[in-house]
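Chains, contacts and geometry: an overview
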Amino acid sequence: MVYRVILADDHPVVLKGLTLALAKDGLATIVGEAQSPDELLGLLATTPCDALITDFSMPAPGRDGLVLLREIRRRFPAIPVMVITTLANPALYREIIGTGVLGLIGKSGDTREIPEALVEILSNHVYLGSSVRDLVATPQGEPLGKSGTLADLSPRELKILQLFAAGNSVTDIARATGRGLSTVSQQKSNAMRKLRLDTDAEIFEYIERLRL
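Residues numbered from 1 in each chain as written. Predicted model: local features only at pLDDT ≥ 70, side-chain atom pairs only at ≥ 80, totals over all residues. Heavy atoms only, no water.

1. Focus: the pattern of salt bridges
Our working rule: The term salt bridge refers to a pairing of a side-chain nitrogen on Lys or Arg with a carboxyl oxygen on Asp or Glu at a separation within 4 Å. Runs of H or I in DSSP of at least four residues are treated as helices and runs of E of at least two as strands, each being numbered from the N terminus. Only protein chains enter the accessibility calculation, which uses a 1.4 Å probe. A residue is then buried if its area is under 20% of the maximum for its type, exposed if over 50%, and partly exposed in between.
What the rule picks out here adds up to seven salt bridges. Of the charged contacts in the structure, one is a salt bridge between Arg-4 and Asp-50, with a shortest N-O distance of 3.1 Å. Here Arg-4 is found in strand 1 (residues 3-8), whereas its partner Asp-50 is found in the loop between helix 2 (37-46) and strand 3 (51-55), with 46 residues between them in sequence. We classify Asp-50 as buried; its relative accessible area is 18%. Lys-194 is the partner of Glu-157 in a salt bridge, and the nearest nitrogen-oxygen pair spans 2.9 Å.

Following this line, the structure appears as C-alpha coordinates:
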(Lines give C-alpha, C1' and ligand atoms only; values in the text may rest on other atoms or scores of the structure.)
Protein backbone atom coordinates (compact mmCIF):
# COMPACT_ATOMS: atom_id res chain seq x y z
CA MET A 1 0.00 0.00 0.00
CA VAL A 2 1.23 3.50 -0.84
CA TYR A 3 0.35 5.99 1.90
CA ARG A 4 -0.67 9.59 1.26
CA VAL A 5 1.48 11.99 3.28
CA ILE A 6 1.45 15.75 3.82
CA LEU A 7 4.81 17.38 4.64
CA ALA A 8 5.37 20.70 6.41
CA ASP A 9 8.70 22.49 6.88
CA ASP A 10 9.85 26.00 6.06
CA HIS A 11 13.13 24.71 4.57
CA PRO A 12 12.79 23.38 0.99
CA VAL A 13 15.89 21.20 1.38
CA VAL A 14 14.27 19.41 4.33
CA LEU A 15 11.09 18.84 2.34
CA LYS A 16 13.18 17.37 -0.46
CA GLY A 17 15.04 15.08 1.93
CA LEU A 18 11.80 13.83 3.49
CA THR A 19 10.32 13.18 0.06
CA LEU A 20 13.34 11.14 -0.99
CA ALA A 21 13.36 9.16 2.26
CA LEU A 22 9.70 8.21 1.87
CA ALA A 23 9.81 7.53 -1.87
CA LYS A 24 12.82 5.24 -1.70
CA ASP A 25 10.83 2.04 -1.15
CA GLY A 26 7.59 3.28 -2.70
CA LEU A 27 6.12 3.57 0.79
CA ALA A 28 4.42 6.93 0.36
CA THR A 29 3.37 9.58 -2.07
CA ILE A 30 3.48 13.25 -1.08
CA VAL A 31 0.05 14.77 -1.65
CA GLY A 32 0.89 18.22 -0.33
CA GLU A 33 3.68 20.41 1.04
CA ALA A 34 3.40 23.43 3.34
CA GLN A 35 5.98 25.94 4.54
CA SER A 36 3.91 27.72 7.20
CA PRO A 37 1.20 26.88 9.76
CA ASP A 38 -1.51 28.59 7.69
CA GLU A 39 -0.54 26.66 4.56
CA LEU A 40 -0.52 23.44 6.55
CA LEU A 41 -3.96 23.94 8.10
CA GLY A 42 -5.34 24.83 4.67
CA LEU A 43 -3.88 21.67 3.15
CA LEU A 44 -5.23 19.45 5.92
CA ALA A 45 -8.69 20.92 5.40
CA THR A 46 -8.73 20.28 1.65
CA THR A 47 -6.37 17.37 0.93
CA PRO A 48 -7.11 13.81 2.10
CA CYS A 49 -4.06 12.15 3.64
CA ASP A 50 -3.07 9.17 5.75
CA ALA A 51 -0.42 10.94 7.84
CA LEU A 52 1.26 14.28 8.51
CA ILE A 53 4.99 14.86 8.96
CA THR A 54 5.74 18.36 10.21
CA ASP A 55 8.48 20.55 11.58
CA PHE A 56 7.94 21.90 15.11
CA SER A 57 8.99 25.50 14.40
CA MET A 58 7.82 27.33 11.28
CA PRO A 59 7.40 31.06 10.56
CA ALA A 60 4.27 32.38 12.33
CA PRO A 61 5.06 33.53 15.87
CA GLY A 62 2.33 32.40 18.22
CA ARG A 63 0.87 29.84 15.79
CA ASP A 64 3.64 27.29 15.47
CA GLY A 65 5.00 24.75 17.91
CA LEU A 66 2.67 23.39 20.58
CA VAL A 67 -0.09 25.82 19.60
CA LEU A 68 -0.15 24.42 16.07
CA LEU A 69 0.03 20.80 17.21
CA ARG A 70 -2.92 21.29 19.58
CA GLU A 71 -4.96 22.91 16.80
CA ILE A 72 -4.18 20.03 14.45
CA ARG A 73 -5.22 17.53 17.10
CA ARG A 74 -8.47 19.44 17.74
CA ARG A 75 -9.43 19.89 14.08
CA PHE A 76 -8.02 16.68 12.57
CA PRO A 77 -7.95 14.10 15.40
CA ALA A 78 -7.85 11.08 13.10
CA ILE A 79 -4.63 12.03 11.29
CA PRO A 80 -1.45 10.44 12.72
CA VAL A 81 1.22 13.11 13.23
CA MET A 82 5.01 12.84 13.20
CA VAL A 83 7.17 15.78 14.31
CA ILE A 84 10.74 16.31 13.12
CA THR A 85 12.67 18.92 15.07
CA THR A 86 16.07 20.40 15.90
CA LEU A 87 15.05 20.71 19.57
CA ALA A 88 16.94 18.72 22.17
CA ASN A 89 14.88 19.52 25.26
CA PRO A 90 13.41 16.58 27.21
CA ALA A 91 10.56 18.56 28.77
CA LEU A 92 9.52 19.94 25.39
CA TYR A 93 9.69 16.46 23.88
CA ARG A 94 7.21 15.27 26.51
CA GLU A 95 4.94 18.28 25.90
CA ILE A 96 4.97 17.45 22.17
CA ILE A 97 4.06 13.82 22.83
CA GLY A 98 1.38 15.02 25.22
CA THR A 99 -0.45 16.76 22.35
CA GLY A 100 -1.15 13.36 20.78
CA VAL A 101 1.80 13.26 18.40
CA LEU A 102 2.76 9.65 17.67
CA GLY A 103 6.17 10.12 16.03
CA LEU A 104 9.05 12.31 17.20
CA ILE A 105 12.40 12.39 15.41
CA GLY A 106 15.39 14.73 15.71
CA LYS A 107 16.60 16.30 12.47
CA SER A 108 20.10 15.17 13.39
CA GLY A 109 18.92 11.55 13.35
CA ASP A 110 19.16 8.94 10.63
CA THR A 111 16.74 9.57 7.74
CA ARG A 112 16.26 5.81 7.53
CA GLU A 113 14.13 6.15 10.69
CA ILE A 114 11.45 8.11 8.84
CA PRO A 115 9.88 5.25 6.81
CA GLU A 116 9.98 3.01 9.87
CA ALA A 117 8.36 5.75 11.96
CA LEU A 118 5.64 6.26 9.36
CA VAL A 119 4.67 2.59 9.44
CA GLU A 120 4.53 2.68 13.24
CA ILE A 121 2.36 5.79 13.57
CA LEU A 122 -0.03 4.49 10.93
CA SER A 123 -0.49 1.49 13.24
CA ASN A 124 -1.22 3.92 16.10
CA HIS A 125 2.10 3.14 17.78
CA VAL A 126 4.42 5.76 19.29
CA TYR A 127 7.80 6.03 17.56
CA LEU A 128 10.73 7.93 19.06
CA GLY A 129 13.87 8.50 17.03
CA SER A 130 17.21 7.40 18.43
CA SER A 131 18.26 10.98 19.22
CA VAL A 132 15.03 11.49 21.19
CA ARG A 133 14.61 8.20 23.02
CA ASP A 134 17.06 8.62 25.87
CA LEU A 135 15.95 12.17 26.67
CA VAL A 136 12.33 11.18 27.26
CA ALA A 137 13.01 8.00 29.22
CA THR A 138 10.26 7.43 31.80
CA PRO A 139 9.88 4.96 34.67
CA GLN A 140 8.67 1.55 33.51
CA GLY A 141 4.96 1.53 32.80
CA GLU A 142 4.56 5.32 32.91
CA PRO A 143 2.81 6.75 29.81
CA LEU A 144 4.90 9.07 27.67
CA GLY A 145 3.87 12.70 27.92
CA LYS A 146 2.06 12.17 31.22
CA SER A 147 4.93 13.00 33.55
CA GLY A 148 7.73 15.53 33.44
CA THR A 149 5.46 18.18 31.91
CA LEU A 150 3.89 21.51 32.82
CA ALA A 151 1.05 19.73 34.62
CA ASP A 152 3.49 18.47 37.27
CA LEU A 153 4.50 21.96 38.41
CA SER A 154 2.85 23.85 41.25
CA PRO A 155 1.71 27.42 40.45
CA ARG A 156 4.63 28.78 42.51
CA GLU A 157 7.18 26.62 40.72
CA LEU A 158 5.85 27.69 37.33
CA LYS A 159 5.92 31.36 38.35
CA ILE A 160 9.54 31.08 39.47
CA LEU A 161 10.54 29.52 36.14
CA GLN A 162 8.72 32.26 34.27
CA LEU A 163 10.47 34.97 36.28
CA PHE A 164 13.82 33.24 35.88
CA ALA A 165 13.35 32.83 32.11
CA ALA A 166 12.51 36.54 31.94
CA GLY A 167 16.06 37.31 33.11
CA ASN A 168 15.62 37.58 36.87
CA SER A 169 18.15 36.02 39.21
CA VAL A 170 17.09 33.85 42.14
CA THR A 171 17.90 36.81 44.39
CA ASP A 172 15.70 39.11 42.27
CA ILE A 173 12.84 36.61 42.44
CA ALA A 174 13.14 36.24 46.22
CA ARG A 175 13.01 39.99 46.62
CA ALA A 176 10.06 40.41 44.24
CA THR A 177 7.98 37.59 45.73
CA GLY A 178 8.85 38.19 49.38
CA ARG A 179 10.11 34.62 49.77
CA GLY A 180 13.37 33.46 51.26
CA LEU A 181 16.33 32.95 48.96
CA SER A 182 16.62 29.30 49.97
CA THR A 183 12.91 28.75 49.33
CA VAL A 184 13.07 30.19 45.82
CA SER A 185 16.23 28.24 45.05
CA GLN A 186 14.62 25.01 46.26
CA GLN A 187 11.44 25.59 44.26
CA LYS A 188 13.49 26.24 41.12
CA SER A 189 15.41 23.01 41.74
CA ASN A 190 12.17 21.10 42.35
CA ALA A 191 10.71 22.40 39.07
CA MET A 192 13.83 21.39 37.13
CA ARG A 193 13.75 17.93 38.72
CA LYS A 194 10.07 17.42 37.84
CA LEU A 195 10.69 18.51 34.23
CA ARG A 196 13.97 16.57 34.11
CA LEU A 197 15.86 19.65 32.95
CA ASP A 198 19.56 19.90 33.71
CA THR A 199 20.54 23.41 32.68
CA ASP A 200 19.29 26.99 32.87
CA ALA A 201 19.39 27.14 29.06
CA GLU A 202 16.82 24.33 28.94
CA ILE A 203 14.55 26.37 31.24
CA PHE A 204 14.74 29.39 28.92
CA GLU A 205 13.92 27.26 25.87
CA TYR A 206 11.10 25.43 27.62
CA ILE A 207 9.31 28.56 28.84
CA GLU A 208 9.83 30.36 25.52
CA ARG A 209 8.39 27.50 23.50
CA LEU A 210 5.39 27.13 25.81
CA ARG A 211 4.63 30.83 25.18
CA LEU A 212 3.48 31.35 28.78
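What follows continues from the structure just given.
2. So, the sheet that holds strand 2 (residues 28-34)
Strands pair in a sheet through their backbones, by hydrogen bonds, and they do so in one of two ways: parallel or antiparallel. Using the following cut-off: Should DSSP find at least two bridges between two strands, the strands are taken to pair. The contact criterion used throughout is that any non-hydrogen atoms of two residues lie within 4.5 Å. Angles run from 0 to 180 degrees between N-to-C directions of axes, and those axes are lines fitted to C-alpha atoms, restricted for helices to the stretch in contact.
If you walk across this open sheet you meet the six strands as 2-1-3-4-5-6, and the pairing is parallel. With one partner strand each, in any of the chains shown, strand 2 and strand 6 (127-128) form the two edges of the open sheet. When strand 1 meets strand 2, the two strands line up parallel, connected through six bridges. Pairing of Leu-7 across the sheet is with Glu-33, part of strand 2. Here helix 3 (residues 65-75) sits on the sheet in contact with strand 3 and strand 4 (81-85), set at roughly 170° to strand 4. On top of the sheet, helix 4 (residues 90-98) reaches strand 4, strand 5 (103-106) and strand 6; it is set at about 150° to strand 5, its chief contact.

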